[in-house]
Amino acid sequence: MPDGSDENSVVPIIAAIEAPSLSDLSERDKPWDKHRSNTDKVSAHYKRSEFSNLSDRTFFCSDSLDFKYVLGDEGELKLKLASARFCRVRHCPICQWRRSLMWKAKAYKVLPKIVEKYPKHRWLFVTLTVKNCAITDLRSTLDWMNQSFKRFTKLKDWPADGWLKSVEVTRGKNGSAHPHFHCLLMVPPSYFSHGYLSQAKWVELWQRCLRIDYEPVMDVQAVKKGQQPMQLIPELLKYCVKESDLVADRDWFLELTRQLHKTWAIATGGVLKQYLRELEQEPEDLIGQEEESGEPDEGHLYFGWWRDGKKYKLVD
């Protein structure tokens, strides 16, 4: 042993072994492997750019994950994330995924309370679009769309008592950007008897608010009477940008980062704002302890991702 060391001390050992991937140990944790791989690509995109600091942050995002064993519903052992270090970069695939999970968890928890308070109200899922724009015009296009949406909510024909709006941007085949809004609207019981808006009327009103000379593409779906709006949450509170679009083209991605800097991904309004205002904020916890079920035992597994082609496991 080196001079001055205590032979009774316990020293963690980094074992250079080919540790299994998470999907090898837990089939349900396959997403970690996919998101980690895409995060490495995002980090490479940021390298040697004005966002080099983001390259470092994403490079080390979730480089070690502390999992605990918990008992499942049928007594089986399952892995649950106990702690991790996340970079919280907006376009980090891992953090975008975890952020979406936290948004969904909060929405699933709150929406039943809203349904209980407004049992007779109905729900609509509306997608609002405009023509594709150049990626360099994305910020100004989103500003215009948000101003138009604000005008929309002030129209006499606007039917919703409350709403939740999320932004999604997809990449066009020609490198353009396609920004659009996904909206969950809570409408009064009378909407389907009087005050109902046809598909054509929705398009007309959105066109008027946009102040454009073409008919925008829209989609309006009603949740069937007696069904809950929770089924819409996966589509409503998913990623802001698909991971495949984040990693497809470096120049497009860097411009996306510039364009979406300090823009809002989620907004709420009307009576839903008091219930869902937390969705407009960055989740404090990207681990999601509230999702855990079962009692943890003493077992821990530690994983670290290293970029030398090998995986290492920390052994206590």
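How each quantity is defined
- Residues numbered from 1 in each chain as written.
- Predicted model: local features only at pLDDT ≥ 70, side-chain atom pairs only at ≥ 80, totals over all residues.
- Heavy atoms only, no water.
- Helix = DSSP H or I, 4+ residues; strand = E, 2+ residues; numbered from the N terminus.
- Buried < 20%, exposed > 50% of the residue type's maximum accessible area, 1.4 Å probe, protein only.
- Contact = heavy atoms within 4.5 Å.
- Areas by Shrake-Rupley, 256 points an atom, 1.4 Å probe, with all protein chains shown as cover.
- Pairing = 2+ DSSP bridges.
- Phe/Tyr/Trp six-rings, centres within 6.5 Å; stacked < 30°, edge-to-face > 60°.
- Lys NZ or Arg CZ within 6 Å of the ring centre and 35° of its normal.
- Axes fitted to C-alpha atoms, helices over the stretch in contact; angles between N-to-C directions.
- Parallel < 35°, antiparallel > 145°, perpendicular 65-115°, else oblique.
- Left-handed = near helix turned anticlockwise from the far one by under 90°.
- Polar contact = N/O pair within 3.5 Å; in protein donor to acceptor, adjacent residues only side chain to side chain.

1. Structural notes on the overall build of the chain
1) Next: Looking only at helices and strands, the chain has 10 helices and 10 strands in total.
2) Next: Looking at the chain as a whole, 48% of its 316 residues are labelled buried.
3) Next: Within the chain, residue pairs in contact and separated by at least 24 positions form 75% of the contacts whose partners lie at least 6 positions apart.
4) Next: Here the chain has roughly 16900 Å² of accessible surface; of this, 51% comes from carbon and sulfur atoms.

2. Considerations on the pairing of strand E8 (residues 266-270)
1) Next: Burial within E8 is extensive, with four of its five residues counted as buried.
2) Next: One ladder, built from five bridges, connects strand E5 (residues 162-171) with E8; its direction is antiparallel. Paired with Leu164 across the bridge in E8 is Thr268.

3. Re the packing of aromatic side chains
1) Next: One pass over the structure, following the stated rule, counts 13 aromatic pairs.
2) Next: Relative to Trp163, the ring of Phe149 has its centre 4.9 Å away and its plane inclined at 80°; by these criteria the two rings are edge-to-face. Note that Phe149 is positioned in helix H5 (residues 138-154) and Trp163 in strand E5, a separation of 14 residues in sequence. The pair Phe149 / Trp163 is uniform in exposure class, with both members buried.
3) Next: Chaining the aromatic ring pairs together yields one cluster made of Phe149, Phe152, Trp158, Trp163, Phe181, Trp202 and Trp206.
4) Next: Sitting over the face of the ring of Phe192, Arg122 holds its NZ or CZ atom 4.3 Å from the ring centroid.
5) Next: One Lys or Arg, Lys165, reaches over the ring of Phe149 and ends 5.3 Å from the middle of that ring.

4. Thoughts on the packing of H5 against helix H9 (residues 250-260)
1) Next: Where H5 contacts H9, the two axes come as close as 8 Å, and the packing angle between them is 40°. With respect to their mutual orientation, H5 and H9 come out oblique. Judged by the twist between their axes, the crossing of H5 over H9 is right-handed. Residues Leu138, Arg139 and Leu142 of H5 lie in contact with H9, whose contacting residues are Leu256, Arg258, Gln259 and Leu260.

5. Quick notes on the environment of Trp202
1) Next: Its location among the elements puts Trp202 in helix H6 (residues 199-210).
2) Next: Separated by 17 residues in the primary sequence, Trp202 and Asp219 have C-alpha atoms spaced 8.9 Å apart.
3) Next: In this structure Trp202 touches Leu124, Val126, Phe152, Trp158, Pro159, Leu185, Tyr191, Leu197, Met218 and Val220, once residues within four positions along its chain are discounted.
4) Next: Among the polar contacts made by the side chain of Trp202, one reaches the main-chain carbonyl oxygen of Leu197 at a distance of 3.5 Å.

Geometric descriptors of this kind do not, in isolation, establish any biological role.
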